[in-house]
Amino acid sequence: MQIHLLAVGSKMPGWVQDGYAEYARRMPPECRLNLVEVPLAKRGKTSAVEQLKQQEGEKLLAAVPKSASLWALDSQGQSWSTAQLAGQLSDWLQGGQDIALMIGGPDGLAPDCLQQASGRWSLSPLTLPHPLVRIIVAEQLYRAMSILKHHPYHK
């Protein structure tokens, strides 16, 4: 199984790239983490936020691999403890289907992305910077995997 992390934004600062890469590298072969970056829509002084989100949403949906189960990272989604995330990861692994997790840009996800998602996962009721979310997701997936593998990282 692969987890495809579909994220709006490219050309991230080095600390974002390094943080994500560290946890992605630690994931075991049976659960690879694959980052797919889609470009941020060009913003101007008169840009309409909904139109920008729509453009980014179209690119995110086009990047979803066929047959992958789609999940949206959304502050209105389900909030899981790390143990609950480990249970969800176990279910995903047993299902054998690839997973695609969408991270929106600075304005969030387009309504089409939220509607097409099989589920929504909330990391926090706080609004988090979208570059930081990819690191948090990678770390939490690694932590959940460490629970499943009885690895001491979680302690």
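Everything here concerns the structure above.
Residues numbered from 1 in each chain as written. Predicted model: local features only at pLDDT ≥ 70, side-chain atom pairs only at ≥ 80, totals over all residues. Heavy atoms only, no water.

Asker: What is the right way to look at the overall build of the protein chain in this model?
Answerer: Within the protein chain one finds five helices and five strands. Ordered by position from the N terminus, the helices and strands of the protein chain form the series β-α-β-α-β-α-β-α-β-α. Against the compact-globule benchmark of 15 Å for 155 residues, the protein chain has a radius of gyration of 15 Å, which places it among compact chains. Along the first, second and third principal axes, the C-alpha set of the protein chain runs to 50 × 30 × 25 Å. A fraction of 81% describes how many contacts in the protein chain between residues 6 or more apart in sequence connect residues 24 or more apart. Summing over all exposed atoms, the protein chain offers an accessible surface of approximately 8,100 Å²; the carbon and sulfur share of this is 51%. With 15 positive and 13 negative side-chain charges, the protein chain shows a separation of 4 Å between the mean positions of the two kinds. (Helix = DSSP H or I, 4+ residues; strand = E, 2+ residues; numbered from the N terminus. Rg over C-alpha atoms; globule rule 2.2 N^0.38 Å. Contact = heavy atoms within 4.5 Å. Areas by Shrake-Rupley, 256 points an atom, 1.4 Å probe, with all protein chains shown as cover. Lys, Arg positive; Asp, Glu negative; His and termini not counted. Charge placed at Lys NZ, Arg CZ, Asp CG, Glu CD.)

Asker: What's the story with helix α5 (residues 130–148) in this structure? I'm lost.
Answerer: Side chains three or four residues apart in an α-helix point the same way, a direct result of the helix having 3.6 residues per turn. In a regular helix each residue adds 1.5 Å, so 19 residues correspond to 27 Å; α5 covers 27 Å between its end C-alpha atoms and thus fits that length. For α5, the tally of buried residues reaches 15 of 19 residues, placing the bulk of the element in the interior. (Expected span 1.5 Å × (residues − 1). Buried < 20%, exposed > 50% of the residue type's maximum accessible area, 1.4 Å probe, protein only.)

Asker: Quick question: what am I supposed to make of the pairing of strand β2 (residues 32–38) here?
Answerer: Within a regular strand, side chains alternate between the sheet's two faces. With seven bridges joining them, strand β1 (residues 2–8) and β2 adopt parallel strand pairing. Following the sheet pairing, A7 is matched in β2 by E37. Tracing the backbone out of β1, into helix α1 (residues 14–26) and back to the parallel element β2 gives a crossover that is right-handed. (Pairing = 2+ DSSP bridges. Right-handed = clockwise from strand over helix to strand, strands pointing away.)

Asker: Even after reading the chapter, I still don't get the packing of α1 against α5, so can you show me in this structure?
Answerer: A packed helix pair is summarised by two numbers, namely the angle formed by the two axes and the spacing between the axes. The contact between α1 and α5 brings their axes to 8 Å, and the two run at 20°. Between α1 and α5, the interaxial angle falls into the category roughly parallel. The two elements α1 and α5 meet at a crossing, and its hand is left-handed. Facing α1, whose interface residues are W15, V16, G19, Y20, Y23 and R26, α5 presents P131, L132, R134, I135, A138, E139 and Y142. Grouping the amino acids of the contact of α1 with α5 by side-chain chemistry returns nine nonpolar, one polar and three charged. (Axes fitted to C-alpha atoms, helices over the stretch in contact; angles between N-to-C directions. Parallel < 35°, antiparallel > 145°, perpendicular 65-115°, else oblique. Left-handed = near helix turned anticlockwise from the far one by under 90°. Nonpolar A, V, L, I, M, F, W, Y, C, P; charged D, E, K, R; others polar.)

Asker: Quick question: what am I supposed to make of the pattern of salt bridges here?
Answerer: Charged atoms that come close allow side chains of opposite charge to pair. Applying the stated criterion across every chain, the model contains nine salt bridges. The residue D107 makes a salt bridge to R43 at a minimum N-O spacing of 2.7 Å. In this pair, D107 sits in the loop between β4 (99–103) and α4 (111–116) while R43 sits in the loop between β2 and α2 (49–62), placing the two residues 64 residues apart along the sequence. Owing to a relative accessible area of 28%, D107 belongs among the partly exposed residues under this scheme. For R43, a relative accessible area of 34% gives the class partly exposed. With its nearest N and O atoms 3.4 Å apart, the salt bridge here joins R120 to D74. With R120 in strand β5 (residues 119–122) and D74 in strand β3 (residues 69–79), this residue pair connects regions lying 46 residues apart in the sequence. Connected via shared salt-bridge partners are E22, R25 and R26. (Salt bridge = Lys/Arg side-chain N within 4 Å of Asp/Glu carboxyl O.)

Asker: Just checking my understanding: could you explain the environment of H130 for this structure?
Answerer: Following the sequence through the fold, H130 ends up in helix α5. Each C-alpha atom, one on H130 and one on G9, is 8.3 Å from the other, the two residues being 121 residues apart in sequence. With residues near it in sequence (within four places) discarded, H130 still touches V8, I103, G104, G105 and P106.

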